[in-house]
Each structure stands twice: as structure tokens, then as C-alpha cells.
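Here's the letter readout for the chains.
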Amino acid sequence: LYALFLPNFDMLYNGDPQSPILGVHWSLGVEEQFYLLWPLVFVLFRHRGAFALVVLAVCAAAECVIGNSHGRFAYFHLFPNMLYLGSGALLATTVFHSKDRLHRIIDKCPRSLRSLVYVIGVPTLFLLLGWAADYPTRITAVRAATIAFFLFVVVDQSHWGRPSLPMGSIPGLSWLGKRSYGIYLLHMVALVLVYQLTPL
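Since we're looking at a predicted model, the values are computed, not measured.

## Quick notes on the overall build of the chain
At step 1: Secondary structure summary: the chain contains eight helices and zero strands in total.
At step 2: Helices and strands appear in the chain in the N-to-C order α-α-α-α-α-α-α-α.
At step 3: Taken over 200 residues, the chain has a buried fraction of 30%.
At step 4: Considering only intrachain contacts with a sequence separation of at least 6, the fraction spanning at least 24 residues in the chain is 64%.
At step 5: On the chain, roughly 13000 Å² of surface is accessible, and the fraction owed to carbon and sulfur atoms is 70%.

## Brief notes about the packing of helix H1 (residues 7-14) against helix H2 (residues 26-44)
In helix packing, the relevant descriptors are the interaxial angle and the interaxial distance, both defined with respect to the helix axes.
At step 1: Axis separation between H1 and H2 bottoms out at 6 Å; the angle between their running directions is 125 degrees. With respect to each other, H1 and H2 are oriented oblique. From H1, Pro7, Asn8, Phe9 and Met11 reach across to H2, where they touch Trp26, Gly29, Val30 and Gln33.
At step 2: Residues that form the contact of H1 with H2 fall into these classes: five nonpolar, three polar and no charged.

## A closer look at the packing of aromatic side chains
At step 1: Applying the stated criterion across every chain yields a total of eight aromatic pairs.
At step 2: Plain terms: the ring middles of phenylalanine 34 and tyrosine 35 are 6.0 Å apart, the flat faces sit at 65 degrees to each other, and that makes the pair edge-to-face.
At step 3: On the basis of relative accessibility, which here comes to 6%, the residue phenylalanine 34 falls in the buried class.
At step 4: You can call tyrosine 35 partly exposed: its relative accessible area is 45%.
At step 5: Here a set of aromatic residues connected by ring pairs shows up, and it is made of Tyr118, Phe149, Phe150 and Phe152.

## Describing the nonpolar core
At step 1: Within the largest apolar cluster, 16 residues are counted, with the highest numbers of intra-cluster contacts made by Trp26, Phe34, Trp38, Val55, Phe76, Leu78 and Met82.
At step 2: Ignoring sequence-local partners within four residues, the contact set of tryptophan 26 consists of Pro7, Asn8, Met11, Tyr75, Phe76, Asn81 and Tyr184.

## Considerations on the side chain of arginine 114
At step 1: Along the polypeptide, arginine 114 turns up in helix H6 (residues 111-132).
At step 2: Residue arginine 114 is classed as buried on the basis of its relative accessible area of 5%.
At step 3: Looking at arginine 114, its side chain comes within polar contact range of the side chain of aspartate 156, at 3.0 Å.

## Observations regarding the layout of surface pockets
At step 1: Estimates place the volume of the largest pocket at around 500 Å³.
At step 2: If you trace the largest pocket, you find 16 residues lining it, with Thr146, Ile147, Phe150, Leu151 and Val154 closest to the centre.
At step 3: Of all elements in the fold, only helix H5 (78-107) and helix H7 (139-159) reach the threshold of two or more residues within the lining of the largest pocket.
At step 4: Of the residues contributing to the lining of the largest pocket, the split by class is nine nonpolar, six polar and one charged.
At step 5: Looking at the second largest pocket, it is lined by 11 residues, and the ones nearest its centre are Trp26, Ser27, Tyr75, Asn81 and Tyr84.
At step 6: In the lining of the second largest pocket, the residues fall into six nonpolar, two polar and three charged.

## Some words on the side chain of aspartate 10
At step 1: When you line up the elements, aspartate 10 lands in helix H1.
At step 2: Discounting residues that sit within four places of it in the chain, aspartate 10 has contacts with Leu1, Tyr2, Gly15 and Pro17.

Calculation rules
Residues numbered from 1 in each chain as written. Predicted model: local features only at pLDDT ≥ 70, side-chain atom pairs only at ≥ 80, totals over all residues. Heavy atoms only, no water. Helix = DSSP H or I, 4+ residues; strand = E, 2+ residues; numbered from the N terminus. Buried < 20%, exposed > 50% of the residue type's maximum accessible area, 1.4 Å probe, protein only. Contact = heavy atoms within 4.5 Å. Areas by Shrake-Rupley, 256 points an atom, 1.4 Å probe, with all protein chains shown as cover. Axes fitted to C-alpha atoms, helices over the stretch in contact; angles between N-to-C directions. Parallel < 35°, antiparallel > 145°, perpendicular 65-115°, else oblique. Nonpolar A, V, L, I, M, F, W, Y, C, P; charged D, E, K, R; others polar. Phe/Tyr/Trp six-rings, centres within 6.5 Å; stacked < 30°, edge-to-face > 60°. Core = buried A, V, L, I, M, F, W, Y, C linked by side-chain atoms within 4.5 Å. Polar contact = N/O pair within 3.5 Å; in protein donor to acceptor, adjacent residues only side chain to side chain. 1 Å grid on protein atoms, 1.4 Å probe; cavity = no way out; pocket = protein on both sides within 12 Å on 5 of 7 lines; lining within 4 Å. Points joined across faces, edges and corners; volume = space filled by probe spheres on them.

So, in C-alpha cells, the structure goes:
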């Protein structure tokens, strides 16, 4: 399963692996499965945007229904996670096909308002996580807010000539961003080595 980029199904049906080093790889499997399946949307269907929205709507419904009763399935399976990955891919598709129209829309948004989204958005997400922690039915609203916020961040950082918070100009942040996923995949290796080599 791990060799075929299906580690999330091992986690789903067999529980956590005996080796904690393998535990974080479920998310890599979800991403690889998405990269294989999402292009088929555009190969098989001519009305790209409309069908992509239908796919996201179905995944959102699955997230609401399955997530409330089968938390492990909602966490490790590809289809509920399509809601997040597909939202970013749909934004990329929109930019590709309607870049000029998107730029005309976002140019009308003042920089002060965009800065306010950051100031309000980050603490609001943390508050919402606490608000939904013990209420699974509230998780869907929190996830929708999270997706909306980070889609805004992508647009703000990539498609405005002057982003309200130029993260790319912060020393070291771009360097870390290019390596952060690799660090995530290896951090359990480091923890296990430290645990094995450090006398208790």
C-alpha cells in the first residue's frame, strides 16, 4: 500500500502503523491520489468549471454526512479531502481561464480591506476551532471558513501586484516554504531517532 501511494487506506482499515515513522505518510497518499484523479475531470468533461463545482459539492456533502458519523473515514479517505484539494485546484483553473476578469475584480478591493482580512481572519479561525472542538456538526462551518481564508491568501499573495502582507519578502520564509512538506514527512524520523538515542 505504501509503495502504491495508498498509505491512507492502511491507516483507514488497519489503524495506526506499528512504526510511527510511517504515520504521517497518509497525507502524501491522499495528495498523490488527487493528482491522478483530478485531471480526469478535465479530460472526460468539457464543461470544466461546472463539473468541478459538482465534484466539490458532492465531496462537501460527503464531508457533512460521513464526517459526523465516521470520523476516521472523513479524515483519511480521499473523497472528503477532495473538498480542500479541489478548492485550490478550482481556484487555479479559474485563474487559468479567467485571469483578466479575476484581476479586474480584485483590483477593486482596497489594500486596507485586504489587510483587515488577515488581522481578523487568523484569530477568528483559532476561535472557531475552539468553538467547534466538541461539536462535530460545527466542523463543516469551520472548514468552509478555513478554505475561504486560505484561498484569499493565495490570491492576495499571487495575483495582486502589491500584496497586503508580502510574505515572499520575509527573510527565510520562502526558503522554509519550499522545504516545509519534506520536513513534515521526516519529522517523525527525527523524533524516533532522538527517542532511541536519548537515555531516559
